[in-house]
Each structure stands twice: as C-alpha cells, then as structure tokens.
Amino acid sequence: LFDGIYPFYPQQRKVFVFDVSTIIVIVVFLTFTCSFLLIIPGIRGRARIYWTLRVLLSLIVGVVIVVVQFTGDWETGWVKANTSYKSFSRALVNVDIGLHVGLAGVNVTLRGNPVNQVNETIDYNEHFAWSFNADYDQSYSEGLERGLPSPILYVAEKFTTQSPCSMHRQYRISSHYASATLWVAFCTWLISNILFSMPVLVYGGYMLLVTGAFMIFSLLSFSTVKNSLMCPIQFGTAILRTGYGGSFWLMLAIGLLCFVAGITVVALHCFNLDLLKTFFDLHEDKAEEYQEMTEVYVNPHFVNKGL
C-alpha cells in the first residue's frame, strides 16, 4: 500500500445501485413479462389492451417492491474535497466522496479527480452491511486490516456501534422496519392479484389500497432518521450532505400509483360497474353465459307427466 503495492481484496466489491440480487429479481420478472407477451396475440379485440395494461402495471409494482430491498440509493450524498489519502502520509488528493445508504447497509465511494494520483488509481466502492446476518463492526475491522483509504474509513466509522453519533442504531432500526413493511406490501400485492383473478374486483381494489399504505409506511419508517440529530461528516471545510435517493422517490411514486389504482377500482365498482367489468374482460363471459342459458332443452316425457 505504501510502496506501490495494491491491497489484496478477497471478496468482490459491491456496486451501490445494482448487485447480483437486484439483477436476479429483474431477470425473474422480465421472464414473466416475456412469457405474457408471447400469449398476447391469442387475446382478441380490446381485451388485449386491457390485459396488457393490467399485467404490466401489476408486474411493475411487484418488481419495484422487491428490487428496492437490495438497492443502495435510498439516501445519497456527494462531496468534493482535498483530503489525506493514507494514514501516516501528508499527501493530499482531490477526490469525490459519496455515501449511499440502503436498507441492507451503506456504500462509501471514493473517486479521484483525476483517477490517477500519487502513483495509484483512486476508484473505490466499499459496502458495509448491517442486516440481521451481518456484523457491521466486523466489516469495518476488515476494512482496517485491508488498509482502505482514510476517507472511506472515516465515513464508515460514523456508522459503527462504538461511534458516539449513534447513527448505526438509527439507520439500522429504521431500515429493518422499512424492509419488513415492504415485504408485507409484497404479500398484499400477491393477494390483490389473486382477488382480481377470482374475480372479486372490489376486494382487489381494497388490497391495492393496503399495498400502497404499506409502501408509504416503509417510507415513513426510513425517513425517521431525519428527525434525529446527525453527526456532520466533514472533510476540511466541505461537509457531506445527504438527501433521499432514487429508490425512495421510486417507492413513493409506486405507492401513489397503487392508491390511484385502488381508488379507481373501488369508485368504478360503486358508480360504473359495467365499465369496470369491461376493463377486466368480464362482460363477454357473462354474455356467453346468458346466451347459453337461453337455449333450454326439455324432455317431453317429464312435461307430459306434469313434472
């Protein structure tokens, strides 16, 4: 590390937005989408458009609920600073330092301006997990042993259990509750799809409202960290400030979409049931049933006996 020798990393670095779990979830939902697109030509008339809208909207809601569990951009922040690169060295480097908070942990990014400085390539992205099966302090200790750059260790130290900032407890608890409510939202999303396929339309609309409510609850749980005092992450005169990231706003948009869809289904059930049945492709089935019921065949033997 000090004589031009790069540190050895026994494990692969984790990207702060997409990782293997996120890619697996996206591939699974894309498989369902492609399978549905293959059977679309077999649906006739306007029902093809209605089926496409229903299935695609439902898949979008489901994939977002699952994917945001593994993303690392619920809260993000960047700062540009001139800071020391290594311990026991007076050399200063011009770097961009990023903090990316997810439900499973934090990612600290260090990128040089330019990338090549002090005879090294400054481009790091380190993940420190705080999920139930992970030990954040152990990850931080391993970073110390590997000789990570000082800016990364300084930011990661703010989230340790021994830090006087108490940021670890605040973020860890709020993230766990947010993750739990999102899994409940995923279950209610599955129930809503079952109710729509039975079909029990109005109850499916109610479950969409419940799904949107649990999404909003997860956002409220994660946002509670903003109500407590936070230790400043400062590099000289520059302060690293964070704000809600893409996953947070995406979850808010999908939650509002579930509210709009649920309210629309319930309102149509109360004021225009025919339009709702048309959208769910139920009118044609009922018409065929009525048509079949008009063709009645009676056995003359029972008619003659007055039965």
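For clarity, every value in this text was computed on a predicted model and none was experimentally measured.

### A closer look at the nonpolar core
Right, so step 1: Of all hydrophobic cores here, the largest spans 59 residues; its most connected members are Trp74 and Leu99.
Right, so step 2: Residue contributions to this core peak at eight residues, all from helix α2 (residues 47-67).
Right, so step 3: If you look at the next biggest cluster of nonpolar residues, it comprises seven residues, including Phe196, Leu201, Leu276 and Phe280.

### A short note on the sheet that holds strand β1 (residues 75-84)
Right, so step 1: Here we have five strands laid out as an open sheet, ordered β4-β3-β2-β1-β7, and antiparallel in their pairing. Edge positions in the sheet fall to β4 (120-129) and β7 (243-244), since each has one partner strand and no second.
Right, so step 2: Judged from the seven bridges that link them, strand β2 (residues 92-101) and strand β3 (residues 105-117) form a sheet pairing that is antiparallel. Bridging across to β3, histidine 100 finds its partner in asparagine 107.
Right, so step 3: Across the sheet, helix α3 (residues 136-146) touches β3 and β4, and the angle it forms with β4 is around 160°.

### Concerning the packing of aromatic side chains
Right, so step 1: Following the criterion strictly, the structure yields 19 aromatic pairs and no others.
Right, so step 2: Considering the side-chain rings of tryptophan 130 and phenylalanine 159, the 6.2 Å spacing of their centres and the 50° angle between planes classify their relative orientation as tilted. Here tryptophan 130 is found in the loop between β4 and α3, whereas its partner phenylalanine 159 is found in the loop between α4 (150-157) and α5 (167-197), with 29 residues between them in sequence.
Right, so step 3: For tryptophan 130, a relative accessible area of 0% corresponds to the buried category.
Right, so step 4: What links up through ring pairs into an aromatic cluster is the set Trp74, Phe222, Tyr244, Phe248 and Trp249.
Right, so step 5: Its guanidinium or amino end placed over the ring of tryptophan 51, arginine 54 lies 4.5 Å from that ring's centre, counting from NZ or CZ.
Right, so step 6: Positioned above the aromatic ring of phenylalanine 279 is the side chain of arginine 54, whose terminal nitrogen or guanidinium carbon lies 5.9 Å from the ring centre.

### A look at the pattern of salt bridges
Right, so step 1: What the rule picks out here adds up to two salt bridges.
Right, so step 2: Note that lysine 86 and glutamate 120 form a salt bridge whose closest N and O atoms lie 3.1 Å from each other. Taken together, the residues lysine 86 in the loop between β1 and β2 and glutamate 120 in strand β4 connect sequence positions 34 residues apart.
Right, so step 3: As a salt-bridge pair, glutamate 126 and arginine 146 come within 2.9 Å of each other at their nearest N and O atoms. With glutamate 126 in strand β4 and arginine 146 in helix α3, the pair connects residues that are 20 residues apart, well separated along the chain.

### With respect to the UniProt feature "transmembrane region" (unreviewed entry) in the protein
Right, so step 1: What UniProt calls "transmembrane region" (unreviewed entry) maps, in this numbering, to residues 20-39, 51-71, 91-110, 177-196, 202-225 and 246-268.
Right, so step 2: Structurally, residues 51-71 is divided into 81% helix and 0% strand, and its ends, taken at the C-alpha atoms, are 30 Å apart.
Right, so step 3: Along residues 202-225, the helical share is 92% and the strand share 0%, with 37 Å between the first and last C-alpha atoms.

Procedures and definitions
Residues numbered from 1 in each chain as written. Predicted model: local features only at pLDDT ≥ 70, side-chain atom pairs only at ≥ 80, totals over all residues. Heavy atoms only, no water. Core = buried A, V, L, I, M, F, W, Y, C linked by side-chain atoms within 4.5 Å. Buried < 20%, exposed > 50% of the residue type's maximum accessible area, 1.4 Å probe, protein only. Helix = DSSP H or I, 4+ residues; strand = E, 2+ residues; numbered from the N terminus. Pairing = 2+ DSSP bridges. Contact = heavy atoms within 4.5 Å. Axes fitted to C-alpha atoms, helices over the stretch in contact; angles between N-to-C directions. Phe/Tyr/Trp six-rings, centres within 6.5 Å; stacked < 30°, edge-to-face > 60°. Lys NZ or Arg CZ within 6 Å of the ring centre and 35° of its normal. Salt bridge = Lys/Arg side-chain N within 4 Å of Asp/Glu carboxyl O. UniProt positions renumbered as here; feature names shortened; annotations may be inferred.

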